[in-house]
Amino acid sequence: MLRESNLSLSEIAYLCGYSELSAIHHAFKRWFTVSPSQYRREKPLLYAPQEEIIYGA
């Protein structure tokens with residue numbers, strides 16, 4: 001959702017059921033080793049799970 005939309009992190013947190021923005025920030029950083037904003041700024045495919053990468057596209 002973070003890669004594919006222009007929603008703010010607050011909106012994404014709400015839609016995912018997080019009551020605190022800091023909770024999704026910490027969880028995201030634990031999962032991807034970068035902050036959500038850094039993930040959005042940099043090449044998102046660097047952090048994508050292998051099955052999400054489309055080869056030959």
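As shown above, the structure is provided for reference.
Quantities reported herein were computed from a predicted structural model and do not represent experimental measurements.

## With respect to the overall build of the protein
- The helix and strand tally for the protein stands at three helices and zero strands.
- Secondary structure elements of the protein occur, N-terminal to C-terminal, as α-α-α.
- By the burial criterion, 23% of the 57 residues in the protein qualify as buried.
- Long-range pairs, those at least 24 residues apart, make up 35% of the contacts in the protein between residues at least 6 apart in sequence.
- Looking at the protein as shown, the accessible area adds up to about 4,500 Å², and 55% of this sits on carbon and sulfur atoms.

## Details of the nonpolar core
- Grouped together as the largest cluster of nonpolar side chains are seven residues: Leu2, Ile12, Ala13, Ile24, Phe28, Val34 and Tyr39.
- Mapped onto this core, the elements with two or more residues apiece are helix 1 (9-15) and helix 2 (21-32).
- Residues within four places of isoleucine 12 in sequence aside, it is in contact with Met1, Leu2, Ser5, Leu7, Ile24 and Arg40.

Criteria and thresholds
- Residues numbered from 1 in each chain as written.
- Predicted model: local features only at pLDDT ≥ 70, side-chain atom pairs only at ≥ 80, totals over all residues.
- Heavy atoms only, no water.
- Helix = DSSP H or I, 4+ residues; strand = E, 2+ residues; numbered from the N terminus.
- Buried < 20%, exposed > 50% of the residue type's maximum accessible area, 1.4 Å probe, protein only.
- Contact = heavy atoms within 4.5 Å.
- Areas by Shrake-Rupley, 256 points an atom, 1.4 Å probe, with all protein chains shown as cover.
- Core = buried A, V, L, I, M, F, W, Y, C linked by side-chain atoms within 4.5 Å.

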